[in-house]
Amino acid sequence: SGPGARWLCQRPKQILRHTMSDPYSSIAAQPSEVTDKLAGVLEMRAAQTEQTHLRDHLLMQKLHGSVLEIGAGTGAITRAIAALTSVTKVTGLDPSAAFLDAARANAGPKEIYVEGYSTSLPVADASADAVVLWTTLSHIPVEQHAESYAEILRVLKPGGVLHVFDNDLGSWEGRLHERDPLDVPVRAFLDLNADHLALRKIPVALAASGFEVGPYTVHTVVDEAEDTYGYQFIMLRGIDSFADKGIVGQPMIEAMKAEAARRVAAGEFRMVLGYGYVAAQKPSG
């Protein structure tokens, strides 16, 4: 539980319960084989057409000036923000040296990447026009949210906006049938998260922290192909998670993976992924 065993927060002992199930919760301490794989996942997810459309619809038209992205990873979202003519500077913050090295290798002139944590942002007071938490908040322990919100309020300019976009796990669904056997490993994956509805409680918490909060909306992506987040990271990782529990033997695991591959080849695979979004403004007064 040293300084590497933390993710976007600075109290490693408080997040040990997360580290066994969520590699991002201890990303700074992960070996290269893990960070290399996760880096590929981050880039793949960000490059999906549906994800690009969601960013364009929910985020890109609202950004200007100086932007901070917390949990920038390999910089996929930060690069897209920097490409906006309305944005003059974007800072990508992440605790992973490996991710930051990858981000800097592809950085443009408007991008700055720094190591840091959500509970102690290395950013000046009232310096950001917007802060972005894009599929990041769910990896920050709930007990650290209030401290993180206070830091975000500190770095936002009056009238600046926090944009939160994350997994609405209560709306994730991959079944084709009422008793679909492939639903079991998907549920095993989702059960790594203690509260499937946690994101829906965020607006109340943001308001309690002093933000002026907009409506919470849910937006759906349907992954159908082999090279998608829903297949690679939800279905296949779910099967591996199910195998790790030792409930069934390797023949059943192989059969599950074979059925998943068959569905993709037959055009039958559907992974419905819901994402929640909310914008919260720092009061101007």
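So, here's what we can say about the structure. Here the structure is a predicted model, which is why all the values come from computation and not from measurement.

## Description of helix H6 (residues 145-155)
Spacing of three or four residues puts side chains on the same side of an α-helix, whose turn is 3.6 residues. When H6 is considered as a whole, its buried residues turn out to be His145, Ser148, Tyr149, Glu151, Ile152, Leu153 and Val155. Packed against the buried residues of H6 are strand E1 (65-70), strand E4 (128-134), strand E5 (156-167) and helix H8 (202-208).

## Brief notes about the environment of Thr220
Relative to the assigned elements, Thr220 resides in strand E7 (residues 217-223). Along the backbone, Thr220 and Leu273 are 53 residues apart, and their C-alpha atoms lie at a distance of 5.6 Å. Look past the residues within four positions of Thr220 in its chain and what remains in contact with it is Val272, Leu273 and Gly274.

## Here we look at helix H9 (residues 229-244)
Of all the bends found along H9, the most pronounced is centred on Arg237 and spans about 25°. Of all the residues in H9, the buried ones are Tyr229, Gly230, Tyr231, Phe233, Ile234, Met235, Leu236, Gly238, Ile239, Ser241 and Phe242. In this structure, the buried residues of H9 make contact with helix H2 (32-47), helix H7 (183-190), E7, helix H10 (250-266) and strand E8 (271-281). Looking at the residues trailing H9, positive phi occurs at Gly246, about 70°.

## Considerations on the environment of Val264
Summarising the element assignment, Val264 is placed in helix H10. Take Val264: its relative accessible area is 17%, and that puts it in the buried class. It is 6.0 Å that separates the C-alpha atoms of Val264 and Ala225, two residues lying 39 residues apart in sequence. Not counting chain neighbours up to four residues away, the residues in contact with Val264 comprise Glu224, Ala225, Glu226, Tyr231 and Phe269.

## Examining the packing of aromatic side chains
Under the definition given, this model contains 6 aromatic pairs. For the pair Tyr231 and Phe269, a centre-to-centre distance of 5.3 Å together with 90° between the ring planes defines the contact as edge-to-face. Of this pair, Tyr231 sits in helix H9 while Phe269 sits in the loop between H10 and E8, and the two are 38 residues apart along the sequence. What links up through ring pairs into an aromatic cluster is the set Trp134, Phe165, Trp172, Tyr229, Phe233 and Tyr275.

## Observations regarding the pattern of salt bridges
Taken as a whole and judged by the stated rule, the model has 15 salt bridges. The partner of Arg154 in a salt bridge is Asp125, with the nearest N and O atoms 2.5 Å apart. On the criterion of sequence distance, the pair formed by Arg154 in helix H6 and Asp125 in the loop between strand E3 (111-115) and E4 is long-range, its members being 29 residues apart. We note a salt bridge from Arg262 to Glu268, for which the minimum N-O separation is 2.9 Å. Overlapping salt bridges bring together Asp180, Glu259, Arg262, Arg263 and Glu268 as one network.

## Points about the environment of Gly65
As for its placement among the helices and strands, Gly65 is situated in strand E1. The exposure class assigned to Gly65 is buried, which follows from its relative accessible area of 13%. Distance from Gly65 to Ala130, taken between C-alpha atoms, is 8.1 Å for residues 65 residues apart in sequence. Beyond its immediate chain neighbours, meaning those up to four positions away, Gly65 contacts Ser86, Val87, Thr88, Lys89 and Asp129.

## Quick word on unusual backbone geometry
A positive phi is found at Ala126, a non-glycine position, where the angle reads about 50°. Among the secondary structure elements, Ala126 is positioned in the loop between E3 and E4. A positive phi angle, close to 50°, is found at Thr135, a residue other than glycine. Tracing the sequence through the fold places Thr135 in the loop between E4 and H6. Relative accessible area serves as the criterion here: at 17%, Thr135 is assigned to the buried category.

## Focus on the nonpolar core
Core analysis: the largest hydrophobic core is formed by 47 residues, its most contacted members being Leu63, Ile81 and Trp172. At 8 residues, H9 tops the list of elements feeding residues into this core. Ignoring any residue separated from it by four or fewer positions in sequence, one finds Trp172 in contact with Arg45, Asn167, Arg187, Phe189, Leu190, Tyr229, Ile234, Val272, Leu273, Gly274 and Tyr275. By size, the runner-up hydrophobic cluster in this structure holds 23 residues, among which are Val123, Leu133, Val164 and Val278.

Rules and cut-offs
- Residues numbered from 1 in each chain as written.
- Predicted model: local features only at pLDDT ≥ 70, side-chain atom pairs only at ≥ 80, totals over all residues.
- Heavy atoms only, no water.
- Buried < 20%, exposed > 50% of the residue type's maximum accessible area, 1.4 Å probe, protein only.
- Helix = DSSP H or I, 4+ residues; strand = E, 2+ residues; numbered from the N terminus.
- Contact = heavy atoms within 4.5 Å.
- Bend = angle between axes of the 7 residues up to and from the residue.
- Phe/Tyr/Trp six-rings, centres within 6.5 Å; stacked < 30°, edge-to-face > 60°.
- Salt bridge = Lys/Arg side-chain N within 4 Å of Asp/Glu carboxyl O.
- Core = buried A, V, L, I, M, F, W, Y, C linked by side-chain atoms within 4.5 Å.

By themselves, these observations are geometric and do not establish any function.
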